[in-house]
Amino acid sequence: MKTILAAYSGVLKGTGSSILSALQDLPSAFWPCRSKMEKHLQVISVLQWVISFLALGAACTLLLLYMFCTDCWVIAAMYIAWLIVDWNTPKQGGRRSSWVRNWTVWTYFRDYFPIRLIKTHNLLPSRNYIFGYHPHGIFCFGAFCNFGTEATGFSKKFPGIKPSLATLAGNFRFPILRDYLMSGGICPVNRNSIDYLLTRNGTGNAVVIVVGGAAESLQCAPGMNSVTLKNRKGFVKLALQKGSDLVPVYSFGENEAYKQVIFEEGTYWRSLQKKFQKILGFAPCLFHGCGLFFGNSWGIVPYSKPITTIVGEPITVPKIEDPTDEIVDMYHEMYITSLECLFDKYKTRFGLKETDSLYIN
């Protein structure tokens, strides 16, 4: 009984070590071994993020509507009133929480794959940066873990730099989900939000943009080394207008997390995906990972494949308020060359062959 109370006490305290040590003291009938317990916690930590991203916004919206039909309608009304007042906060730097970014659950999230962050060059706190993240994958696990949490030690590796991962603006229209995202320093990927971070929030800001977006997610599958970048020049023009340095970032293993059915161009299903992309801003993908209880079954739990994120050398960008197309093209080519060099330098260290190439679409 004492060991059960100790476990309960550990959960209330909320520290990973206290939870795990307390659970380890339970009789073997409860938990067979420490390694299995750690693996279960890792799966749960990843699954909660996947489910939160897929369903938290819709579930909380329905719950809020239901509350208006109950005696709790006052609570729902108060939240709606606060939501109206707080509506523009995501566009104005958000509301990050160091406490949430340092939750123990994110270390279990990191260790499930595992996810690593590798620094290649120092970044100056006196500058602002735009990180171009590649590839998108299905859920951008590497981007979220490295830049939306402190699980891989971003702040220690890049002191004085504050990362803001940009995602679909539509996510910030959902109750509760918007606050969950903002607590990790996640912001809408729109002009107003990025302008604020790069011009009205001082220096030492790093806006992380998943450049390939929804279009790139339709092409991700294990073994694929391609990025959607050839015609993506908006982030380069923005960097020039704000005088923010460009930093290429590549995650080896991001595409290994799920298997996806990729429809060929011109087919009915591919055209349907593109229509959804234009309307909703994201493309529905037909993908699967492994099952929750059996590794050889299908499910939404991602495969535990290593993801290693390499932050490349910054490209110094001058401030030009109205850059010409020629200047944008020049820096865009510089960025592509830098990304290709980053890929070629590290590819053999993370399971790829010397002959493997990065395809720019």
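Parameters and conventions
Residues numbered from 1 in each chain as written. Predicted model: local features only at pLDDT ≥ 70, side-chain atom pairs only at ≥ 80, totals over all residues. Heavy atoms only, no water. Helix = DSSP H or I, 4+ residues; strand = E, 2+ residues; numbered from the N terminus. Rg over C-alpha atoms; globule rule 2.2 N^0.38 Å. Buried < 20%, exposed > 50% of the residue type's maximum accessible area, 1.4 Å probe, protein only. Contact = heavy atoms within 4.5 Å. Areas by Shrake-Rupley, 256 points an atom, 1.4 Å probe, with all protein chains shown as cover. Pairing = 2+ DSSP bridges. Axes fitted to C-alpha atoms, helices over the stretch in contact; angles between N-to-C directions. UniProt positions renumbered as here; feature names shortened; annotations may be inferred. Salt bridge = Lys/Arg side-chain N within 4 Å of Asp/Glu carboxyl O. Expected span 1.5 Å × (residues − 1). Arc of directions from axis to C-beta. Core = buried A, V, L, I, M, F, W, Y, C linked by side-chain atoms within 4.5 Å. Patch = residues over 30% accessible without salt bridge, like charges linked within 9 Å, V, L, I, M, F, W, Y side chains within 5 Å.

> Go over the overall build of the protein chain, please, and point to the residues and values.
The secondary structure content of the protein chain amounts to 14 helices and 12 strands. For 361 residues, the compact-globule formula gives about 21 Å, and the C-alpha radius of gyration of the protein chain, at 22 Å, lands near that figure. With respect to the three principal axes, the spread of C-alpha positions in the protein chain is 70 × 55 × 50 Å. The buried share of the protein chain, reckoned over its 361 residues, is 48%. Expressed as a percentage of contacts within the protein chain between residues at least 6 apart in sequence, the contacts between residues at least 24 apart total 75%. Here the protein chain has roughly 18,200 Å² of accessible surface; of this, 61% comes from carbon and sulfur atoms.

> Describe the sheet that holds strand 1 (residues 115–119), naming the residues involved and giving the relevant values.
Pairing in this open sheet of 7 strands is mixed, and the strands run 1-11-7-2-5-3-4 from one edge to the other. The open sheet has two free edges, formed respectively by strand 1 and strand 4 (187–188), since each of these has just one partner strand. The strands touched by helix 10 (residues 191–199) are strand 2 (129–134), strand 3 (162–167), strand 4 and strand 5 (205–210); relative to strand 5, the strand with the most contacts, the crossing angle is about 150°.

> Could you give an account of the UniProt feature "transmembrane region" (unreviewed entry) in the protein chain, with specific residues and numbers?
Listed under "transmembrane region" (unreviewed entry) in the UniProt record, and renumbered for this structure, are residues 46–67 and 279–301. Annotated as residues 46–67, this span is 100% helix and 0% strand, and its ends, taken at the C-alpha atoms, are 29 Å apart.

> Give me the pattern of salt bridges: which residues, what numbers.
A full pass over the atoms with the stated rule returns 12 salt bridges. Each of Asp86, Arg95, Arg178 and Asp179 takes part in a single network of salt bridges with overlapping partners.

> Go over helix 14 (residues 325–346), please, and point to the residues and values.
For helix 14, which comprises 22 residues, the first-to-last C-alpha distance of 32 Å matches the rise-based estimate of 32 Å (1.5 Å per residue) to within 8%. For helix 14, the complete set of buried residues consists of Val328, Tyr331, His332, Tyr335, Ile336, Ser338, Leu339, Leu342, Phe343 and Tyr346. Buried residues of helix 14, seen end-on, are gathered within an arc of 165° and therefore sit on one face of the element. Residues of helix 14 that are exposed and point over 90 degrees away from its buried face: Glu326 and Lys345.

> So, the nonpolar core: which residues are in play, and what are the values?
With 47 residues, the main nonpolar core has Phe109, Phe113, Phe131, Phe141, Phe147, Leu165 and Val311 as its most contacted residues. Filtering out sequence-adjacent residues up to four positions away, Phe113 remains in contact with Val46, Phe141, Pro302, Tyr303, Ser304, Lys305, Pro306 and Ile307. Listed in part, the 33 residues of the second largest apolar core include Ile130, Ile209, Ile310 and Leu358.

> Explain the environment of His136 to me, and be specific about the residues and the numbers.
Within the fold, His136 resides in the loop between strand 2 and helix 7 (141–147). Taking the C-alpha atoms as reference, His136 lies 9.0 Å from Ser251; in sequence the two are 115 residues apart. Apart from the residues within four sequence positions on either side, His136 is in contact with Val210, Gly213, Glu216, Ser217 and Glu254.

> Describe the pairing of strand 5, with residues and values.
Of all 6 residues that make up strand 5, 6 are buried, and the element is covered over most of its length. Judged by which residues are buried, strand 5 turns out to be covered on both faces: Asn205, Val207 and Ile209 on one side and Ala206, Val208 and Val210 on the other are all buried. Here strand 2 pairs with strand 5 via 5 bridges, running parallel. Across the sheet, residue Tyr133 finds its bridge partner in strand 5, namely Val210. Sheet analysis places strand 3 next to strand 5, joined by 4 bridges and oriented parallel. Paired with Pro163 across the strands is Ala206, a residue of strand 5.

> Please provide a residue-by-residue account of helix 13 (residues 268–280), values included.
The end-to-end C-alpha separation of helix 13 is 18 Å, in line with the 18 Å expected for 13 residues at 1.5 Å each. Remark: Gly281 follows helix 13 within two positions and exhibits a positive phi of approximately 90°.

> Can you lay out a nonpolar patch on the surface for me, pointing to particular residues and giving the numbers?
A cluster of nonpolar residues, Ile51, Phe53, Leu54 and Ile300, forms a patch on the protein surface that exposes about 330 Å² of accessible area. Along the chain, the position of Ile300 falls in the loop between strand 10 (298–299) and strand 11 (307–311).

> Go over the pairing of strand 7 (residues 245–252) with me, naming the residues and quoting the values.
Most of strand 7 is tucked away, with 8 of its 8 residues classed as buried. Neither face of strand 7 is open: one carries Asp245, Val247, Val249 and Ser251, the other Leu246, Pro248, Tyr250 and Phe252, and all of them are buried. Direction of pairing for strand 2 relative to strand 7: parallel, over a ladder of 6 bridges. Looking across to strand 7, one finds that Phe131 is bridged to Val247. Pairing between strand 7 and strand 11: 4 bridges, direction antiparallel.

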